[in-house]
Amino acid sequence: MNSQEYWNPVLETMPLEKLKVLQFKKFKRILNWAYTHSKFHKALYDTAGLTPDDIHSFDDIKKIPKVEKSMMREIQNKDPFPYGDALCVPLEEVSTYRQTSGTTGQPVYQPDTWQDWEWWSECWSFVLWAQGYRPKDRVFIPFGYNIFVAFWAGHYAAEKLGCEVVPGGVLDTQSRILKIQELNATAMMATPTYVLRMADIAKNKMGIDPAELSINKITCAGEPGAGIPSTKKRMEDAWGAKVYDHSGATEIGAWSYECKNQPCGMHVNEAMFLVEIEDINTGEIIEEPGRKGKMIITALDRMAQPCIRFDSKDVIEWDSEVCSCGRSFRLIKGGVIGRADDITKVKGVLLSPTAIEEVVRSIDGLGDEFEVIVDNQGDVDRIKLKVELMPEVTKLSIENTLKDQLRLKTNLGYQIEYYDYGSLPRYEVKAKRFKDLRKKHIEKECRL
Ligand SMILES: [Zn+2]
């Protein structure tokens, strides 16, 4: 074992049995902390007839009620303003405000103390070190620094590792590319959508081949793309760089990361988080690899607004493979596969938007952008897929491959519309490529 490979060699190579003991000890500690310092958590556990003293074994953890995002929304603006009564510290100890992006509803406020903020950058240090960031790196962060947590903690972690950080805040995309070129930046962090968008602008608007630039590694977050093989390949080919996946959320923390070995999945940081996978239909906790479910997660060391058995709605599955990097932290296969809300039934078949992305991005004649619209006519569901043809590519040359691959990977038929390259909407941060209009009809009906 080369200890230089790990940010924390003791934790990252700890045998699983020992990790479990550590997780249980930390779980009890955070549960006790929340029970004694937050009215919200005390009421939640009292209603379930449980106290931290009732948790005697790892198995007992699943008795603890889950926390839904909607519950966190309900307590906002209550005392103490604006966070509500899940806050476990006096208001004057809160040093950082962030909020969720609100893509699935009203944003949730997130208070962190200085200690929590240190913890955030420690979580990200595991990520960046495993992806080969070292003090010699010059890291460019093309991110609009604002109220969203996004790459803030990545920024601080890169500094903590000793890298040089270039904050590419208010610059526009062309200025960012020129700055990368001017400074010979070696690494970058961005959403997959923006990684592809930057490459497109460099190539087609500026005549710069991004693969000729000095970026040799890119850390992605915010969307599943870096875990989807065909999207990862597009990004790696465009930039001539390794592209790594990472997953985190405002209310959780940076909980998983792909390592340099690119195992087609992410390691769960099991020293700092407890991840449980729950069967979406039965609620049973899935222990074995190969079965998909939604993630229930506990941040074991986050203090101001604890995250205990949070129902993340992220769909994941354990991988049976052990990574060749030597980390004992388990892998989740293919990263986050999607959101439980997005994985929907169409014509009675489960459809995951990431499966469509995998197909579209694997076909060379198609552009990076696409759009999926699910609708219904009477009782019959329809899926429309809009794709862009690259210049000089004809519909005839790819149509059969596209249809066959879609049928093979998703078991569904599509109405396909072809557009000229550059005509579908472009996104700067997170893309909205999947629209389920059936849900809108239902919402509308409910409101009426
Ligand atoms: Zn690994």
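Not measured: the values here are computed from a predicted model. (Residues numbered from 1 in each chain as written. Predicted model: local features only at pLDDT ≥ 70, side-chain atom pairs only at ≥ 80, totals over all residues. Heavy atoms only, no water.)

## Let's talk about the nonpolar core
In step 1: Ranked by size, the top nonpolar core spans 78 residues in total, and within it Trp124, Met189, Trp255, Phe273 and Val275 carry the most contacts.
In step 2: No other element matches the 10 residues that helix 5 (residues 114-130) contributes to this core.
In step 3: Discounting chain neighbours no more than four positions away, the residues touching Val275 are Trp255, Val268, Met295, Ile296, Ile297, Ile316 and Trp318.
In step 4: Val195, Leu196, Met235 and Val243 belong to the second-largest nonpolar core, a separate cluster that totals 26 residues. (Core = buried A, V, L, I, M, F, W, Y, C linked by side-chain atoms within 4.5 Å. Buried < 20%, exposed > 50% of the residue type's maximum accessible area, 1.4 Å probe, protein only. Helix = DSSP H or I, 4+ residues; strand = E, 2+ residues; numbered from the N terminus. Contact = heavy atoms within 4.5 Å.)

## Points about the side chain of Arg433
In step 1: Structurally, Arg433 is set in the loop between strand 21 (415-420) and strand 22 (434-436).
In step 2: Note on Arg433: relative accessible area 10%, which makes it buried.
In step 3: In terms of polar contacts, Arg433 uses its side chain to reach the side chain of Thr193, at 3.2 Å.
In step 4: Polar contacts involving the side chain of Arg433 include one to the side chain of Glu369, which spans 2.9 Å.
In step 5: Not counting residues up to four positions away in its chain, the partners in contact with Arg433 are Thr193, Arg361, Glu369, Phe370, Glu371, Val372 and Tyr427. (Polar contact = N/O pair within 3.5 Å; in protein donor to acceptor, adjacent residues only side chain to side chain.)

## Thoughts on helix 5
In step 1: Between the first and last C-alpha of helix 5 there are 25 Å, a value that for 17 residues agrees with the 24 Å anticipated at 1.5 Å per step.
In step 2: Taken across its 17 residues, helix 5 has 13 buried, putting it largely inside the fold.
In step 3: The first or second residue beyond helix 5 is Gly132, which carries a positive phi of 90 degrees. (Expected span 1.5 Å × (residues − 1).)

## A closer look at the coordination of the zinc ion
Angles at a metal have ideal values that depend on geometry: 109.5 degrees with four tetrahedral donors, 90 or 180 degrees with six octahedral donors.
In step 1: Donor atoms from the polypeptide that bind the zinc ion are Cys259 (SG), His267 (NE2), Cys323 (SG) and Cys325 (SG), placed at 2.1 to 2.3 Å.
In step 2: Angles of 103 to 117 degrees at the metal separate the 4 donor atoms of the zinc ion, which places the site in the tetrahedral class.
In step 3: All donors to the zinc ion come from one chain, and their sequence spacing reads C-x7-H-x55-C-x1-C.
In step 4: With relative accessibility at 8%, the residue Cys323 sits in the buried group.
In step 5: The class of Cys325 is buried, set by a relative accessible area of 14%. (Donors = N, O, S within 2.8 Å, 3.2 Å for Na, K, Ca; no water. Tetrahedral: all angles 85-135°; square planar, octahedral: opposite > 155°, others 65-115°.)

## A look at the sheet that holds strand 20 (residues 380-389)
In step 1: With mixed pairing, 4 strands are arranged side by side in an open sheet as 21-20-19-22. Strands at the two margins of the open sheet, each flanked by one partner only, are strand 21 and strand 22. The sheet shows a mean angle of 15 degrees between the axes of neighbouring strands, taken without regard to direction.
In step 2: Where helix 10 (residues 353-360) meets the sheet, it contacts strand 19 (366-377), strand 20 and strand 22, and its direction lies at approximately 140 degrees from that of strand 19. (Pairing = 2+ DSSP bridges. Axes fitted to C-alpha atoms, helices over the stretch in contact; angles between N-to-C directions.)

## Regarding the domain arrangement of the protein chain
In step 1: Domain assignment breaks the protein chain into domain 1 (1-340) and domain 2 (344-445).
In step 2: Distance from the C-alpha centre of domain 1 to the C-alpha centre of domain 2: 28 Å.
In step 3: Residue-level contacts link 19 residues of domain 1 with 20 residues of domain 2.
In step 4: Summed over both partners, the interface of domain 1 with domain 2 comes to about 1,600 Å²; 43% of that surface belongs to carbon and sulfur atoms.
In step 5: The residue Asp368 makes a salt bridge to Arg234 at a minimum N-O spacing of 2.7 Å.
In step 6: The interface formed by domain 1 and domain 2 contains 13 residue pairs in polar contact (both at pLDDT 80 or more).
In step 7: Looking at the side of domain 1 that touches domain 2, the elements with two or more residues in it are helix 8 (192-206) and helix 9 (229-239).
In step 8: If one sorts the elements of the side of domain 1 that touches domain 2 by residue count, helix 8 sits on top with 6 residues.
In step 9: By residue class, the composition of the side of domain 1 that touches domain 2 is 6 nonpolar, 9 polar and 4 charged. (Domains from an automatic or database assignment. Buried area = accessible area lost by both parts, 1.4 Å probe. Salt bridge = Lys/Arg side-chain N within 4 Å of Asp/Glu carboxyl O. Nonpolar A, V, L, I, M, F, W, Y, C, P; charged D, E, K, R; others polar.)

## Describing unusual backbone geometry
In step 1: Residue Asp79 is joined to Pro80 through a cis peptide bond whose omega torsion reads -10 degrees.
In step 2: Inspection of the secondary structure puts Pro80 in the loop between helix 4 (69-75) and strand 1 (94-99).
In step 3: Residues Phe81 and Pro82 are joined by a peptide bond in cis, for which omega reads 0 degrees.
In step 4: Here Pro82 is to be found in the loop between helix 4 and strand 1.
In step 5: Residue Ala150 is not a glycine yet carries a positive backbone phi of 25 degrees.
In step 6: Residue position: Ala150 is located in the loop between strand 3 (138-141) and helix 6 (152-161).
In step 7: Its identity as a non-glycine residue notwithstanding, Glu392 has a phi of 70 degrees, on the positive side.
In step 8: Secondary-structure assignment places Glu392 in the loop between strand 20 and helix 11 (395-410).

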